[in-house]
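Residue-level structural notes
Each chain, letter by letter, is given below.
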Amino acid sequence: MCQVEEDYHEPLQRAEVPSVSKKCVKCKEGTAAVVIRAGDAFCGVCFKEYFIHKFRAMLGKNRVIFPGEKVLLAVSGGPSSCSMLSQVQEGLSQNAHKKLRFLPGIVFIDEGGVAGQAVEDRRRMAAELQAVFTATGLPFFLVPLEQVLDLPSSVLTVVAAATSPQEPAARAYKASVGDFIRSDAVGCQTSLEPEQRVLADVQESRTHLLQHLIGSAKTLTAREDLLSTLRQHLLVHTARAEGYSKVMLGDNCTRLAIKLLTSISLGRGAQLAQDTGFLDSRYGDILLVRPMRDYSAKEIAYYNRLFSVPSVFIPSMETKTMDKSSIQRLTESFVTKLQADFPSTVSTIYRTSEKLQTACRSSSTADLCDRCLLCMCALDTASENASAFKATLISEQLSQPRSAAAARVVISNQNPAPMEQESTAAIGECCASAGEDCGKAAGGEGCCSSAKGPESTDLRSLLCYSCQLTIKDMSSVERLPHYILSEAQRRQRRSQIREEIGEFLLDAGD
């Protein structure tokens, strides 16, 4: 507390500010242009070498992309994916130290219809991205998200990969390198023609259908989860249709740290290895790789700023939303604010994700019937009786039949005749009259009709726990695309036939 008798004429002491080295920590000569972490100051030349080496080391360490292979770069227009595109361009240049030998292409998924953008805004942003892609000289494809409504059901099937899973990755990579060198020596090296597919005009009715599909989810959390699933289906279909075997995603370290905590909050703990790892092999022939997973958002922002890497801002559903509007936004706000005060937060979460392993069956080896209908990961619902999932399931079963039983009592008091027909159909008989197919008698709407779509209760057995929560949050399952509903019917019929002939099948050990 201040005192009247005290003397305040002494000079004030200036607080010491931690100084940053003016010289580059690598070459010891250049002036520092960027500080990544405390004590890690780089000049422009050394920072570029460090950034490029990090990208090459990630690809070289995993040895997943073979020489001469067609790789599709998923570019959203953001800083991370555009920086990934810049790294691929750098590796394909003639003066590159170790030139990349795969054949890249670019794909952009236009989600402007879901975000509510006008047609003029979508065309303007597509034109900006088209100018960026044309300057690279690589083939590119601009695909509207509305095409997900017309996908074939084969998207949800697992196609066997060209290489055998028992063959070691190192041996397959060496064999691929040898074949590439021999073909290059002969002079028959293949090269991609600069194919360009601009954004086609989308019918307004298709945009409304997509908006109704996403809008059927009641919460923003379920909408973003459903949108992510549909986007991945469209990427896999585009890669298969255009002959690509790998898809590069631009997920960086910061994004993966947020995705890790979000997946745990959404009940996707069993799928963390596929959702955040470098390699995602859930689709079999199409492998999803994340070469930018060692970069933080800060490093990418510095690199794009120093070396003028172009990017296009495209608003999404979560643009200008509150922090508590969804689990994804809340987790992002929590991680970024914590990272500002504790700079090792993202790296700690990221390094922890590399050590996590799932106890359930791997998504790459699971059968199609044991995979989720939406995310194509191995089902995590086959748990023990003494588990949290079984307790939740029993609680839901005990709370639902009470209202249904009360409704049946009211119906039986008002009109007892329909109850007899319902009980008869429940036993296993057809709901139509004797000698007549209900599918024909009721105009294709009876229990024998194959055109009848599955309800939400039927879909739950085909979904993992997290996707069950997403579907449960939707007002109507019938708004799902046709390829999902048809694949659900096919799996249900297959499971029903297997149960009918189960006693005639031989076990694996016989």
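All figures in this text were calculated on a predicted structure; none of them were measured in a lab. (Residues numbered from 1 in each chain as written. Predicted model: local features only at pLDDT ≥ 70, side-chain atom pairs only at ≥ 80, totals over all residues. Heavy atoms only, no water.)

With that out of the way, let us pick up the environment of S83. Along the polypeptide, S83 turns up in helix α2 (residues 79-92). On the basis of relative accessible area, S83 is assigned to the buried category, the value being 0%. Each C-alpha atom of the pair S83 and G250 lies 8.3 Å from the other, and the pair is 167 residues apart in sequence. If we skip the residues at most four places from it in the chain, S83 touches F51, M292, I300, Y303, N304 and V309. (Helix = DSSP H or I, 4+ residues; strand = E, 2+ residues; numbered from the N terminus. Buried < 20%, exposed > 50% of the residue type's maximum accessible area, 1.4 Å probe, protein only. Contact = heavy atoms within 4.5 Å.)

What follows deals with the sheet that holds strand β9 (residues 287-289). Strand order in the open sheet formed by seven strands is β6-β5-β4-β3-β7-β9-β8, and the pairing between neighbours is mixed. The open sheet has two free edges, formed respectively by β6 (196-197) and β8 (279-280), since each of these has just one partner strand. Where strand β7 (residues 246-248) and β9 come together, three bridges link them in parallel fashion. The residue of β9 that forms the bridge with K246 is L287. Each of β3 (70-74), β4 (103-110) and β7 is contacted by α2, which is oriented at about 145° to β3, the strand it contacts most. Against the sheet, helix α7 (residues 220-242) touches β3, β4, β5 (140-144), β6, β7 and β9, its axis set at about 140° to β4. (Pairing = 2+ DSSP bridges. Axes fitted to C-alpha atoms, helices over the stretch in contact; angles between N-to-C directions.)

This part is about the packing of aromatic side chains. For the structure on display, the rule yields nine aromatic pairs. Note on F47 and Y303: the rings are 6.3 Å apart at their centroids and 55° apart in plane angle, and the pair reads as tilted. One end of the pair, F47, is in helix α1 (residues 44-62); the other, Y303, is in helix α10 (residues 297-306), and 256 residues separate them in sequence. We note that F47, like Y303, is buried. (Phe/Tyr/Trp six-rings, centres within 6.5 Å; stacked < 30°, edge-to-face > 60°.)

Evaluated as defined, the whole model comprises 22 salt bridges. Linking K26 and E49 is a salt bridge whose minimum nitrogen-to-oxygen distance equals 3.6 Å. Note that K26 is positioned in the segment before β1 (34-37) and E49 in helix α1, a separation of 23 residues in sequence. Given the relative accessible area of 47%, K26 is considered partly exposed. Overall, the relative accessible area of 43% leaves E49 in the partly exposed class. Among the ionic pairs, R329 bridges to E332, the shortest N-O distance being 3.6 Å. Here E332 and R329 lie together in helix α11 (residues 327-341), a separation of three residues that amounts to about one turn. E332 carries the same exposure label as R329, and that label is buried. Within this structure, R255, D323, R329, E332 and K337 form a network of salt bridges that share partners. (Salt bridge = Lys/Arg side-chain N within 4 Å of Asp/Glu carboxyl O.)

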